[in-house]
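# Fold and contact review
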Amino acid sequence: MGRKGSPRSPQAEGGSQAASPPSPLWALPEELLLLICSYLDAQALGRLAQVCRRLRFLSSRDVLWRRIARGCLNSGFTQLGTDLLMPWMELDGEYLYLSQAENIQAYHLCAEGTGLQRHPQAIFSGHQEDVCRFVLVNPHIVSGGGDGSIVLHKIHGSYSVKFSAHEQEVNCVDFQGGLIVSGSRDRTAKVWSLSAGRVGQCLHTVQTEDRVWSIAISPLLSSFVTGTACCGHISPLRIWDLESGQLLTCLGTDFHRGAGVLDVFYETPSLLLSCGYDTYIRYWDIRTSTRKCVQEWEEPHDSALYCIRSDKNHMIASGSSYYGVVRLWDKRQTQCLQSFHLSSPTSSPVYCLRFSTTHLYAALASALHVLDFTAS
């Protein structure tokens, strides 16, 4: 008995088939397609990605998965049922500026710096997604958001400017001397003008070949440093010329793969602090060597370090990725000077910290903590 062959297509029979007309789906603008996809759950998005390359690209956009990811995380702080992450803050005299979701709120500090007034004095908005980072340079606030935009606010007034900056999240920004630098998940860093008639004009686009997590302009206003994810074989710390956008130098040669730099801080034009996923605080003096840092401190519990701050003298404060651990370091010592555990038993990173001569403020996912150095 002969074997039955499988059904043959018209092309196999020698016939021809006209190309299918393009789907009317692709005539829709991308914003509308993303809105439609936003109603899908994780399983449906995964199935959609298997249809074709174009749908795979569309369904993998961060804006779709960010909502799903939030549902899997316990931020520990809710207001009217909405998670409010507090990743960044700035101190300015009697006020503390704190980002909560897509807004930045200005709180008046209570007497003796013991806390904040209950209601904000001002709210700065404009982003459609969470504020990733912002910088305060009187009289302006410059912020980068998950919507890929940069927003410029005048603190005392209603003036604000918003412009589309990157294709993905703006993870970090800095602002000095009439120039903004921004770094993004889209693997670029950009320099923007704020001069009259050129506000929001991109002067340079730097291809970093890696996601940019941190950025800072040198106090000399001649260069800026980027801290990247270190997913390739390029140093995650690189210094770029601010005027031309050209690479000036790479810092370090012994970073391990994945040792991304999450925060950088200039003490002086030649002294720089960095920290990140590899659990080290590194102190760089670019006058003496760019190949090796002059000093380093290791986080004793092997936690990634999300943020650092210095008093530009002997003291350094660092915030870890687990249980809200804040550590104080003395540059003259090799071991941690003091530790504070701020989020037990619920774990949360210390997203940002700031301190004065009397108080330290640490922003976690669930709360803002204040440490009083004057208390016995």
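Residues numbered from 1 in each chain as written. Predicted model: local features only at pLDDT ≥ 70, side-chain atom pairs only at ≥ 80, totals over all residues. Heavy atoms only, no water.

### Remarks on the overall build of the protein
- Scanning the protein from N- to C-terminus turns up four helices and 29 strands.
- Considering only residue pairs separated by 6 or more positions, the protein has 41% of its internal contacts joining residues 24 or more positions apart.
- Surface exposure of the protein reaches about 19,600 Å², of which carbon and sulfur atoms provide 51%. (Helix = DSSP H or I, 4+ residues; strand = E, 2+ residues; numbered from the N terminus. Contact = heavy atoms within 4.5 Å. Areas by Shrake-Rupley, 256 points an atom, 1.4 Å probe, with all protein chains shown as cover.)

### Describing helix α1 (residues 30-37)
- Of all the positions in α1, only Leu33, Leu34 and Cys37 are classed as buried. Along the axis of α1, the buried residues cluster in a sector spanning 100°; they form a single face. (Buried < 20%, exposed > 50% of the residue type's maximum accessible area, 1.4 Å probe, protein only. Arc of directions from axis to C-beta.)

### Considering the packing of aromatic side chains
- Enumeration over the complete set of coordinates arrives at five aromatic pairs.
- Relative to Trp192, the ring of Phe163 lies with its centre 5.0 Å away and its plane at 50°, an arrangement referred to as tilted. Here Trp192 lies in strand β13 (residues 188-193) and Phe163 lies in strand β10 (residues 160-164), a separation of 29 residues in the sequence.
- In this arrangement the basic side chain of Arg54 is found over the ring face of Trp26, its NZ or CZ atom lying 4.1 Å from the centre. (Phe/Tyr/Trp six-rings, centres within 6.5 Å; stacked < 30°, edge-to-face > 60°. Lys NZ or Arg CZ within 6 Å of the ring centre and 35° of its normal.)

### Focus: the sheet that holds strand β15 (residues 212-217)
- Spatially, β15-β16-β17-β18 is the arrangement adopted by the four strands of the open sheet, whose pairing is antiparallel. The open sheet has two free edges, formed respectively by β15 and β18 (247-251), since each of these has just one partner strand. Averaged over all pairs of adjacent strands, the angle between their axes in this sheet comes to 20°, without regard to strand direction.
- Sheet analysis places strand β16 (residues 223-228) next to strand β17 (residues 237-241), joined by five bridges and oriented antiparallel. When the sheet's bridge partners are listed, Val225 is paired in β17 with Ile239. (Pairing = 2+ DSSP bridges. Axes fitted to C-alpha atoms, helices over the stretch in contact; angles between N-to-C directions.)

### Concerning the nonpolar core
- If you look at the biggest cluster of nonpolar residues, it comprises 18 residues, and the most contacted ones within it are Met89, Tyr97, Ile104, Phe124, Phe134 and Ile141.
- Mapped by element, the contributors of at least two residues to this core are β4 (95-100), β5 (103-108), β7 (131-137) and β28 (359-364).
- If sequence neighbours within four positions are ignored, Phe134 has contacts with Trp88, Met89, Glu90, Tyr97, Leu98, Ser99, Ile104, Ile141, Val142, Ser143 and Val173.
- Judged by nonpolar contacts, the second largest core, of 14 residues, contains Val225, Cys230, Leu237 and Tyr266. (Core = buried A, V, L, I, M, F, W, Y, C linked by side-chain atoms within 4.5 Å.)

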